[in-house]
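# Secondary and tertiary structure notes
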Amino acid sequence: MVSEIPVKSREPDKTALQKRQLLEKGKSLVSQLCATIRTAQIYDRSNSVYVRQAESLLGLIQGLLEGTGEFLLKSKEGYLFLNDTRLRFSFDGYVAGKFIVEMFRKLQFECIFFSPPLIREELDEFVFILAHADAEGEDPFENLQKRVASSNIEHLRVEKFAPGSDLGDESEPEGQKKQAKKRFFKTLLVAQETMESAKSKRSINTVKSKRAIQFLIDQLIKDEGKLMSLTAIKSFDEYTFAHSVNVCILSVALGTRLGLSKGELSELGFAALFHDVGKVRLPIELLNKPGELTEEEWVEVKKHPIFGVKALLSRRSIDRFCTRAMVVSFEHHLKLDHTGYPETSAQRDLDLFSRIVTIVDVYDSMTSGRVYARTPLTPDEALRRMLQKQGKSFDAALLKVFINMLGIYPVGSVVILDTGEIGVVMEANPAELSCPEVAIIADRFGKREKVETVDLTKLDEKTGKHTRTILRTIDPHGYKLEVARYIY
Amino acid sequence: MPELDFETEFEQIDAVELDSVKKLIQLLSNSLKSVLIYPSNNPLPKEFRTKLYKGLSEFLDAHDELNLEIGPHQLLYGGKAVYQDGEKEGGMAYILHKDGVRELTFLKGLEFEEIEDLLEVMHTCFKSPDSEEDLVTLLWEKDLNHVKHLVVDDLLDVDVPSAEDVPDDWDFDRLFHSEVSFGEEGEVLPKIDHPDLSQKYREDQLKQLLKQLKEFSPEEVGSIQRALELNCRYRSLDQFLNILVEIFLTEEDLSEFGQMMDTVDRVLVTLISMADFHSASKIVQELNQFVKTIKGNGGQTDSLTNEKAQRATGVIDKAGDRENLRRMSQVINDREIMDLSSADAYLSSLHWNSIPAVVSMLRDLKTFPARRMVCEVLTEKAKDHLELLGEGISDPNWYVVRNVAKIIGTIGAEDGARLLRQIVKHRDRRVRKEVVASLIRIRGNRAGNLLVSFLDDEDKGIRILASRGLAQRKEQEALPVLENIINDDQFKYYPPEEKKSMLESFAGIAGDEGISFLVKTVRRRSWLKRDKHNETRIFAIGALSQIDSREAEEAISQLAKKRNKVVRQTCQNALRRIESRRMREGQPAGDT
Ligand SMILES: [Fe+2]
Ligand SMILES: [Fe+2]
């Protein structure tokens, strides 16, 4: 199938320029396709907003068909490919990319084939079928196939997952969840082991950590939601380690949005995982102290960024992972407005990785409430407070990307819906920040027999309005409610 | 790992297929070796790679994939060995197996860049098999679409807590009544009050917030793009060093400080062994800066500061000691290609007391470009510490001595002559020649006198060079010596080029003062070997014509009246030359 496509060049000297142009076109295709489908969810075929959007998409596809003949858009292991060329997204195209990957995943197909001569009518029919496809029915793909077959579409077709692709067990939501959990705990163990060795001033073995982080990154690329939801569980015994893993996951997720390469992501993950490694040198009583810290205790706590550098320094050799981690350890409590600690002789331009880790670190600390005896904030409240400090403490643009990633009701938020139901946010929806996936834990009569996950982006067929919207969040801590139970 | 018997399972692989895989793996191995052996500008590695790529692509077109199993010392295809590591440790299979790779699969659609990436990764691990570079990490980072690898993973089985482990004793009723039903149905329970938290977004607020979050202003897009661009050029090592200095400055615990210095020391040694001279030089530069900063702090130095400065200085000194620099020479010798500018930067960052150790590198380094680099460094470094070059002057290897002589000449300081004096009689003419060249460039009487002494060197070339140098310097001390040489009966038997050089040098130094001596030389009679003597006369007239003054011209005109035909003609030619020279220079012809 794939081999029939004549675009692929075998020449070693295939010009980089051609490749780049193809990449750019591929990215536009994805963002136009996303925009068109989303417009089709809201407007009908005669609406001028839709018509304009569809025209533009058609133009783009026809351009590609002229240049390359038949081509395909494929999703594999969480990546999108135009024929054999992987499309890489930066923060601006990320949401569209994610949207398309999610659509492929939910409707259970692997690729769309485009062949000439494609006309508007076909494209419209196809887009509307996709826009209103039912992802929750028995066999979403079967359904989709039927609808395409019964229409007049000739030059577009979808194909199911090819045999041997990466799904298998993990295609089941439960299998994926289990996989995500395993990876989360594996990293937790490695982090613990590594930091314990830093504590006893032994040399740190980094290979294990690097490999664990690779697993996390692969998981994040495949299915970001499952892994990110685990960061909302704040009830682990060893706070510092869980915090480290959370910061690692959320930092890498943010880095993915910025379009960082795998190499950069693993450096970022490593630096994030060990941003607080200096804390192992602080007395445990100080870290777990209930109540406010005294001034002297604060002086001690403020040493941990430098302790971190020293701990990483004790390694036999120093590679790029370690140098970057030392920079981040040193800088992660320095603020954009040059306040914070430790003191420096000159103002520093903070590293991008430090800026990322600072945002994630503050978010996780605020919502965990274990650090220095603060009361935990609800996730949405933490974001709200951070927004107030943007530009002073945090890089404003990065913070925005971060909130776009988490949604305004991040994973772990307990929400009251306009239906009177109580829910726990499970996964953000990149396209609609206020409409996450929610596990309904009680109905409007207070009954809680079975937990059901619903997607708040869903519209009521009759009214065209959201079936459920979030009224407000509540603070679960007062009721001893552990969101972990639902996230698991 | 237990040896598995694959024979039965994979019987369908025919001999032709197996043979072609063997050939491909051989190509892979050759490509890898060629990168290790040949310098980067050699076309051979690329040829191998292209061949490998073509071969693999053809194979994959026919078979869709090529799956290799990795044993501890061999590669298997369909259960049959297609490659075996050589005797020495560190073969292709070993490198892959050691880091946990158990399968390597090439897929149809393979791109040339992917081959290059794969080779680069393997090359990195080959180069330094003991380093902590993790092949799996490098391979994973390359993110190749058509080269897949399978890794053993002993850690994946971890106990995952289950949802049932989470306690389920929360106050559901109270939550429900205080947050949802507000006690309309059933019992009224006290509501928990969180004034600041749990706010509801008003609809208009929410809309505004969403709009604000979704849309990125051009400034925001710009700021992220700038950050990403900076990130591409980010050198974490530089930043890390910067931070180290920050920590050095504030460190108050001397033993902690000492430990850090030990680490820096260790890191330096590692960097040198890895040929990362750039980073090493950065470290030494930062240390220098640090010492300067703490010493400069208001002039007041307490004992802690002193101690810290001393420790840091110790590390810098050690960075330039003989052991370290010998290591450095070795690393440079071991490498075919080498960015010598980073080595230059490292040596330049060292203190002047490392000069003798740097000089000894001239002995250890094998290639000319490397020694030239060291010479350049020493020229700069030894400017104010000439005496430290002394060791090189007495070195048993002639090339070391010559290089040091050259350095002294390039520096050009008067004191250099004192050092060069020790080697004016060096047994190797190449050294003496360099000494002459250097003396010419050194100011002062001492150098001039030494240069004069080379006029009777045993080597003709050196004598000529010395005479020309003396003329260039207008060295008056040379005149009596030159007169003696020219007056000597044997002078006419000297080789012509030497005669010419001596006479011209004499004229060059003496100017008008030398006219009468040269005229006398022309007029002198000789009964034996007249042709040899005529040769001397011709050169003497030539020397006269070079003085370029009315007096010299007049003297030649007088000589042109001589009966001797050779003398007459030479003089006439010389006069014509002078005339046309004058014309060219726009001066009127002489009265006479
Ligand atoms: Fe911290
Ligand atoms: Fe932290």
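### So, the overall build of chain B
Helices and strands together make up the secondary structure of chain B, namely 28 helices and 5 strands. Taking as baseline every contact in chain B between residues at least 6 positions apart, the subset at least 24 positions apart corresponds to 67%. Carbon and sulfur atoms make up 48% of the accessible area of chain B, which totals about 30,900 Å².

### So, helix H13 (residues 304-313) of chain A
Most of H13 of chain A sits out of view: 10 of its 10 residues are buried. Looking at H13 of chain A, one finds that the buried residues are His304, Pro305, Ile306, Phe307, Gly308, Val309, Lys310, Ala311, Leu312 and Leu313 of chain A.

### Let's talk about the domain arrangement of chain B
Put simply, an interface is often sized by how much accessible area is lost when its parts join up. Under the domain assignment used here, chain B contains domain 1 (6-151), domain 2 (202-234) and domain 3 (476-592). The centre of domain 2 of chain B, based on its C-alpha atoms, is set 87 Å off from the matching centre of domain 3 of chain B.

### Focus on the packing of aromatic side chains
Residues and elements named next belong to chain A. The full count for this structure, using the stated rule, is 15 aromatic pairs over all chains. Relative to Phe114, the ring of Phe71 has its centre 4.7 Å away and its plane inclined at 10°; by these criteria the two rings are stacked. Of this pair, Phe71 sits in strand S1 (residues 71-76) while Phe114 sits in strand S4 (residues 109-114), and the two are 43 residues apart along the sequence. Each member of the pair, Phe71 as well as Phe114, is classed as buried.

### Structural notes on the packing of helix H14 (residues 340-349) of chain B against helix H16 (residues 368-381) of chain B
Residues and elements named next belong to chain B. In contact at an axis separation of 10 Å, H14 and H16 are set at 30° when each is read in the N-to-C sense. Relative to H16, the element H14 is oriented roughly parallel. Note that H14 runs across H16; the crossing there is right-handed. Within the contact between the two elements, H14 uses Leu340, Ala343, Asp344, Leu347 and Ser348 and H16 uses Pro369, Ala370, Met373, Val374, Glu376, Val377 and Lys381. When its residues are assigned to classes, the contact of H14 with H16 shows 8 nonpolar, 1 polar and 3 charged.

### A closer look at the coordination of the iron ion (ligand 1)
All names here are of chain A. Donor atoms from the polypeptide that coordinate the iron ion (ligand 1) comprise Asp276 (OD), His304 (NE2), His332 (NE2) and His333 (NE2), at 2.1 to 2.2 Å from the metal. Classification of the site at the iron ion (ligand 1) as irregular follows from its 4 donor atoms and the range of 84 to 171° in their angles at the metal. Sequence spacing of the donors to the iron ion (ligand 1): D-x27-H-x27-H-H. A separation of 3.5 Å is found between the iron ion (ligand 1) and the iron ion (ligand 2), which are bridged by Asp276. Of the two residues, His304 is situated in helix H13 and His332 in the loop between helix H14 (320-331) and helix H15 (352-368); the sequence distance between them amounts to 28 residues.

### Remarks on the coordination of the iron ion (ligand 2)
Each pair of donors in an ideal octahedron of six around a metal sits at 90 or 180 degrees, and each pair in an ideal tetrahedron of four sits at 109.5 degrees. Residues and elements named next belong to chain A. Taken together, the protein ligands of the iron ion (ligand 2) are His243 (NE2), His275 (NE2), Asp276 (OD) and Asp361 (OD), with distances of 2.1 to 2.3 Å. Around the iron ion (ligand 2), the 4 donor atoms are arranged such that angles at the metal cover 74 to 171°; this shape is classified as irregular. Written as a sequence motif, the donor residues of the iron ion (ligand 2) are H-x31-H-D-x84-D.

### Observations concerning the sheet that holds S4 of chain A
Sheet strands pair by backbone hydrogen bonding; their relative direction is either parallel or antiparallel. All names here are of chain A. Strand order in this open sheet of 5 strands is S3-S2-S1-S4-S5, and the pairing throughout is antiparallel. Unpaired on one side and paired on the other, strand S3 (85-87) and strand S5 (156-160) mark the two borders of the sheet. Mean inter-strand twist for the sheet, computed between neighbouring axes without regard to direction, equals 25°. Relative to strand S2 (residues 79-82), S1 runs antiparallel, the two sharing 4 bridges. Directly across from Lys74, in S2, lies its bridge partner Phe81.

### Topic: the packing of helix H23 (residues 478-487) of chain B against helix H24 (residues 496-510) of chain B
Describing two packed helices takes the angle between their axes plus the distance from one axis to the other. Residue and element names in this part refer to chain B. Remark: H23 packs on H24, axes separated minimally by 10 Å, with the N-to-C direction vectors making an angle of 145°. Relative to H24, the crossing made by H23 is left-handed. In this structure, H23 contributes Ala478, Leu479, Leu482, Glu483 and Ile486 to the contact, and H24 contributes Met502, Leu503, Ser505, Phe506, Ile509 and Ala510.

### Concerning the interface of chain A and chain B
On the chain B side, the residues contacting the 103 residues of chain A number 91 residues. Where chain A meets chain B, there are 7 salt bridges. Between Glu256 of chain B and Arg281 of chain A there is a salt bridge whose closest N-O contact spans 3.7 Å. If you look at where chain A meets chain B, you find 20 residue pairs in polar contact (both at pLDDT 80 or more). Broken down by element, the residue count for the side of chain A that touches chain B peaks at 8 residues, all from helix H7 (residues 207-222) of chain A. Broken down by class, the residue content of the side of chain A that touches chain B amounts to 45 nonpolar, 18 polar and 40 charged.

### Quick notes on the domain arrangement of chain A
All names here are of chain A. Its domain assignment divides chain A into domain 1 (14-160), domain 2 (178-406) and domain 3 (414-487). Of note, the centres of domain 2 and domain 3, computed from C-alpha atoms alone, are 29 Å apart. Of the roughly 1,000 Å² buried at the junction of domain 2 and domain 3 (both faces included), carbon and sulfur atoms supply 62%. Summed over the three residues of domain 2 that lose the most area to domain 3, namely Ser229, Thr378 and Asn404, the buried surface amounts to 32% of that side. Linking domain 2 with domain 3 are 0 salt bridges. The interface formed by domain 2 and domain 3 includes 1 residue pair in polar contact (both at pLDDT 80 or more). Each residue belonging to the side of domain 2 that touches domain 3 can be placed in one class, and the counts come to 7 nonpolar, 5 polar and 4 charged.

### Topic: the nonpolar core
One broad trend across soluble globular proteins is that nonpolar side chains are buried collectively. Core analysis: the biggest nonpolar cluster contains 236 residues, and Leu258 and Phe402 of chain A together with Met328, Tyr346, Leu347 and Leu389 of chain B have the highest contact counts within it. Not counting the four nearest positions on each side in its chain, Leu347 of chain B is found in contact with Leu325, Met328, Val358, Met361, Met373, Val374, Val377 and Lys381 of chain B. Core analysis: the next-biggest nonpolar cluster, separate from the first, contains 46 residues, Leu22, Phe71, Phe89 and Leu123 of chain A among them.

### What about the pattern of salt bridges?
Under the counting rule described, the total for this entry stands at 57 salt bridges over all chains. Residue Asp218 of chain A is joined to Lys262 of chain A by a salt bridge in which the shortest nitrogen-to-oxygen separation is 3.4 Å. Taken together, the positions of Asp218 of chain A in helix H7 and Lys262 of chain A in helix H10 (residues 262-273) put the pair 44 residues apart, joining distant regions of the chain. In this structure Asp218 of chain A comes out as partly exposed when scored by relative accessible area, which is 25%. Relative accessible area serves as the criterion here: at 9%, Lys262 of chain A is assigned to the buried category. Its salt-bridge partner being Lys279 of chain A, residue Asp276 of chain A comes within 3.4 Å of it at the nearest N-O pair. Judged on exposure class, the residue Asp276 of chain A and its partner Lys279 of chain A are both buried. Among the charged side chains, a salt-bridge network with shared partners connects Glu267, Arg320, Arg324 and Asp351 of chain A together with Glu141 of chain B.

### What about H16 of chain B?
Residue and element names in this part refer to chain B. In a regular helix each residue adds 1.5 Å, so 14 residues correspond to 20 Å; H16 covers 20 Å between its end C-alpha atoms and thus fits that length. For H16, the set of buried residues is Ala370, Arg371, Met373, Val374, Cys375, Val377, Leu378, Thr379 and Lys381. In the core, the buried residues of H16 are packed alongside helix H13 (322-334), H14, helix H15 (355-364) and helix H18 (398-411).

### Observations concerning the sheet that holds strand S2 (residues 74-77) of chain B
Residues and elements named next belong to chain B. Sheet architecture is open: 5 strands sit in the order S3-S2-S1-S4-S5, paired in antiparallel fashion. Here the strands that pair on one side only, and so sit at the sheet edges, are strand S3 (80-84) and strand S5 (147-151). Across the sheet, the mean angle from the axis of one strand to that of its neighbour is 25°, orientation sign disregarded. Bridge count for strand S1 (residues 65-70) against S2 is 2 bridges, and the pairing is antiparallel.

So, how was this worked out
Residues numbered from 1 in each chain as written. Chains lettered and ligands numbered in written order. Predicted model: local features only at pLDDT ≥ 70, side-chain atom pairs only at ≥ 80, totals over all residues. Heavy atoms only, no water. Helix = DSSP H or I, 4+ residues; strand = E, 2+ residues; numbered from the N terminus. Contact = heavy atoms within 4.5 Å. Areas by Shrake-Rupley, 256 points an atom, 1.4 Å probe, with all protein chains shown as cover. Buried < 20%, exposed > 50% of the residue type's maximum accessible area, 1.4 Å probe, protein only. Domains from an automatic or database assignment. Phe/Tyr/Trp six-rings, centres within 6.5 Å; stacked < 30°, edge-to-face > 60°. Axes fitted to C-alpha atoms, helices over the stretch in contact; angles between N-to-C directions. Parallel < 35°, antiparallel > 145°, perpendicular 65-115°, else oblique. Left-handed = near helix turned anticlockwise from the far one by under 90°. Nonpolar A, V, L, I, M, F, W, Y, C, P; charged D, E, K, R; others polar. Donors = N, O, S within 2.8 Å, 3.2 Å for Na, K, Ca; no water. Tetrahedral: all angles 85-135°; square planar, octahedral: opposite > 155°, others 65-115°. Pairing = 2+ DSSP bridges. Salt bridge = Lys/Arg side-chain N within 4 Å of Asp/Glu carboxyl O. Polar contact = N/O pair within 3.5 Å; in protein donor to acceptor, adjacent residues only side chain to side chain. Buried area = accessible area lost by both parts, 1.4 Å probe. Core = buried A, V, L, I, M, F, W, Y, C linked by side-chain atoms within 4.5 Å. Expected span 1.5 Å × (residues − 1).

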